[in-house]
Amino acid sequence: MRAWTSPDVPGLAVADPAGSVRVHDTASGELRLTRPGDVARLYVCGITPYDATHLGHAATYVAFDLLNRAWRDSGHEVRYVQNVTDVDDPLLERAAATGVAWDDLAERETELFRTDMSALRVLAPDAYVGAVESIPFDVELIERLQERGHVYDLDGDLYYDVHADPRFGNVSRLSEAQMLEVFAERGGDPDRPGKKHPLDCVLWQAERPGEPSWKTALGRGRPGWHVECSSIAVHHLGHDFDVQGGGSDLAFPHHEMSAGHAQAAYDGERFAQAYVHAGMVGYEGAKMSKSRGNLVLVSRLREAGVDPMVIRVALLAHHYRSDWEWTDDELDTARRRLDAWRSAVGSASRAQAEALVPAVRDALAEDLDAPAALAAVDAWAGSEPGDGSGSGLVRDLLDARLGILL
Ligand code: 5CA
Ligand code: ZN
């Protein structure tokens, strides 16, 4: 599927001597030094395109954009893969409820997402992959699971035996009791009669009347949600890639199951080295979510004339891992900040710029601490004006590392 066009990223005239990034890994509960090989490999779970991009989505994609930019600035080539869940229950339900064809809805909202990501200067993935176009890879992975005896049939639907992967539970580090508390609200069906274990999840759903289906070696049907990300990641990145990312609501069941499928199908080969999760953005007292409808949409703000760089600064003002609540004064604060930077940049001295470079890099190297990076930029903007010899470097730094165009 077509991605969006990436903005250019300026190379910084000052090399990054440290060149390493530590991120919080949910699976170990610790900060982990990422040690990408020649190519850093990143998978970030993409949208389910049944409604427009809200600020929670945007915050998550901006967070992983910081990681992408940090790796690139420190000399790594990055291979970035993102999916689009362009067929799944919530999309089909919304399409039916609004009388729109499911594929038209998916295409329309995916296109809006592309426009929003471009406006926010989020670097595009190298492979932007739809669930529908990946069905042959899902089938291949499910067949491997079948050959290893990890799949059972329930009235034509294929279920995954959740204990097939001995490392089950290691991603989210939840007890099975805790898993059961959230499984149903996150797409699971713990109470379906006939399942061998309540946490088993569907790999392949047989054709239902009125729903789209595809004819495959598994029969007519459509893939379950988790296998989509297992097969796309394995196909486009291989096993043991550097970072699997998404919002914290994906740690369980989605990332746990995706990892389990890929590990069980490939005889225990590790799926990803680290699992990184962004906190949830709330609004009006609850997690911002398409299903609840308490949304602040990026596209609405843009239509109202808000500078996308103001939105980006507002998002970066919160550490990616924290849960936080959007309030209407976020934009004013961000606008004042950006105005101060824009009026100071013309008079940055070379010495000030050279001091700001490591301050921003060091903040981001330590678990993508954007608020600390922004505080360093504020401190520079509030210092004595210089001769303007450093303005190019400051502009490049904010552009390359923070995605902010002054
Ligand atoms: N298509 C699946 C992933 S394969 C999906 O979760 N789609 S989504 O549209 O529901 O969410 C897209 C991304 O935004 C996910 O990483 C999700 O964790 C994140 N996200 C959703 N709501 C919020 C929120 N309120 N705050 C922060 N991130 C969020
Ligand atoms: Zn996913």
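You'll find the structure just up there.
Everything numeric in this text was worked out from a predicted model, so none of it was measured. Numbering of residues starts from 1 in each chain and follows the order in which that chain's sequence is written. Chains carry letters from A onward and ligands carry numbers from 1 onward, assigned in written order. Per-residue local features of the predicted model are confined to residues with pLDDT of at least 70, and side-chain atom pairs are confined, for both listing and counting, to 80 or more; whole-chain, interface and lining totals are unaffected and use all residues. Computation of side-chain values: all heavy atoms of the structure, hydrogens and water removed.

**Student:** For this particular structure, what's the right way to read the coordination of the zinc ion (ligand 2)?
**Tutor:** By definition of the ideal shapes, a tetrahedral metal site with four donors has angles of 109.5 degrees and an octahedral site with six donors has angles of 90 or 180 degrees. Atoms of type N, O and S within 2.8 Å of a metal are treated as its donors, and for Na, K and Ca the window is 3.2 Å; water is not considered, so some sites may appear to be missing partners. At the metal site, the zinc ion (ligand 2) is ligated by Cys45 (SG), Cys229 (SG) and His254 (NE2), and these contacts range over 2.1 to 2.2 Å. Note on geometry labels: four donors, all angles 85 to 135 degrees, give tetrahedral; four donors become square planar and six octahedral when opposite donors are over 155 degrees apart and every other angle is between 65 and 115; remaining cases are irregular. Around the zinc ion (ligand 2) sit four donor atoms, and with donor-metal-donor angles ranging over 104 to 118° the site reads as tetrahedral. Sequence spacing of the donors to the zinc ion (ligand 2): C-x183-C-x24-H. Of this pair, Cys45 sits in the loop between β3 (39-44) and α1 (55-73) while Cys229 sits in helix α6 (residues 225-237), and the two are 184 residues apart along the sequence. Here Cys45 and Cys229 have matching classes, each one buried. A run of H or I in DSSP becomes a helix once it reaches four residues, and a run of E becomes a strand once it reaches two; helices and strands are each numbered from the N terminus. Residue burial is assigned from relative accessible area. The probe radius is 1.4 Å, only protein chains are included, and a residue is buried under 20% of its type maximum, exposed over 50%, and partly exposed in between.

**Student:** Help me understand the layout of surface pockets in this model?
**Tutor:** Left-over empty space is what a probe sized like a water molecule reveals as it rolls over the atoms. For each structure, a 1 Å grid was placed over the protein atoms alone; sets of points admitting a 1.4 Å probe that cannot get out are labelled cavities, open sets with protein on both sides within 12 Å along at least five of seven lines are labelled pockets, and lining residues have an atom within 4 Å of a point. Grid points are joined across faces, edges and corners, and a volume is the space filled by probe spheres set on the points. Considered as a void within the structure, the largest pocket measures approximately 1300 Å³ in volume. Breaking the lining of the largest pocket down by element, the ones donating at least two residues are α1, α2 (89-98), β7 (157-160), β8 (201-206), β10 (219-223), α6 and β11 (241-247). Here the element with the most residues in the lining of the largest pocket is α1; it accounts for four residues. In the scheme used here, Gly and all other residues not listed as nonpolar or charged are polar, with Ala, Val, Leu, Ile, Met, Phe, Trp, Tyr, Cys and Pro taken as nonpolar and Asp, Glu, Lys and Arg as charged. In terms of residue class, the lining of the largest pocket is built from 15 nonpolar, 19 polar and 14 charged.

**Student:** Sorry, what's going on with the sheet that holds strand β13 (residues 281-283) here?
**Tutor:** The pairing of strands in a sheet comes from backbone hydrogen bonds and takes either a parallel or an antiparallel form. Read across the sheet, three strands follow the order β14-β13-β15 without closing on themselves; strand pairing throughout is mixed. The open sheet has two edge strands, β14 (286-287) and β15 (324-325), and neither has a second partner. Bridging between β13 and β14 involves two bridges; their strand directions are antiparallel. Note that in β14 the partner of Gly282 across the bridge is Lys287. The pairing criterion for strands is at least two bridges between them, as found by DSSP.

**Student:** I would appreciate a short explanation of the site of ligand 1 in the present structure.
**Tutor:** Note on terminology: near, applied to a residue and a molecule or strand, indicates that one of the residue's heavy atoms is within 4 Å of it. Close to ligand 1 lie 24 residues; Gly46, Thr60, Thr85, Asp249 and Lys290 are nearest. At 2.7 Å from a nitrogen atom of ligand 1 is found a side-chain nitrogen or oxygen belonging to Thr85. Within 3.5 Å is the distance limit for a polar contact, defined as a pair of N or O atoms, with the added protein rule that one can donate a hydrogen and the other accept it, and that residues adjacent in sequence qualify only through two side-chain atoms. Interatomic distance of 2.5 Å between a side-chain N/O atom of Asp249 and an oxygen atom of ligand 1. Only the protein chains shown count as cover for residues, and all accessible areas are computed by the Shrake-Rupley method using a 1.4 Å probe. Relative to its free-state accessible area of 590 Å², ligand 1 is covered by the protein chains to the extent of 94%. Criterion for pocket placement: a molecule counts as inside a cavity or pocket if more than half of its atoms are within 2 Å of its grid points. If you map ligand 1 onto the pockets, it falls in the largest pocket. The element best represented in the shell around ligand 1 is α1, accounting for four residues. Looking at side-chain class alone, the shell around ligand 1 contains nine nonpolar, 12 polar and three charged residues.

**Student:** Which parts of the structure should I look at to understand the packing of helix α11 (residues 350-365) against helix α13 (residues 391-402)?
**Tutor:** Two packed helices can be described by the angle between their axes and the distance between those axes. Axis separation between α11 and α13 bottoms out at 9 Å; the angle between their running directions is 10°. Classified by the interaxial angle, the pair formed by α11 and α13 is roughly parallel. Along the contact surface, α11 presents Arg350, Ala353, Glu354, Leu356, Val357, Val360, Arg361 and Leu364, while α13 presents Leu393, Val394, Leu397, Arg401 and Leu402. Among the residues making up the contact of α11 with α13, the classes are represented as nine nonpolar, no polar and four charged. Axis geometry follows a simple rule: fit a line to the C-alpha atoms, using only the stretch in contact for helices, then measure angles between N-to-C directions, giving values from 0 to 180 degrees. Roughly parallel refers to an angle under 35 degrees, roughly antiparallel to one over 145, roughly perpendicular to one between 65 and 115, and oblique to any angle outside these ranges. The contact criterion used throughout is that any non-hydrogen atoms of two residues lie within 4.5 Å.

**Student:** What's the story with helix α9 (residues 308-316) in this structure? I'm lost.
**Tutor:** An α-helical turn contains 3.6 residues, so any two residues separated by three or four positions project in the same direction. In terms of burial, α9 is largely enclosed, as eight of its nine residues are buried. Buried within α9 are the following residues: Met309, Val310, Ile311, Arg312, Val313, Ala314, Leu315 and Leu316. A side-chain oxygen of the first residue of α9 lies 2.8 Å from the backbone nitrogen of Met309; this N-cap is Asp307.

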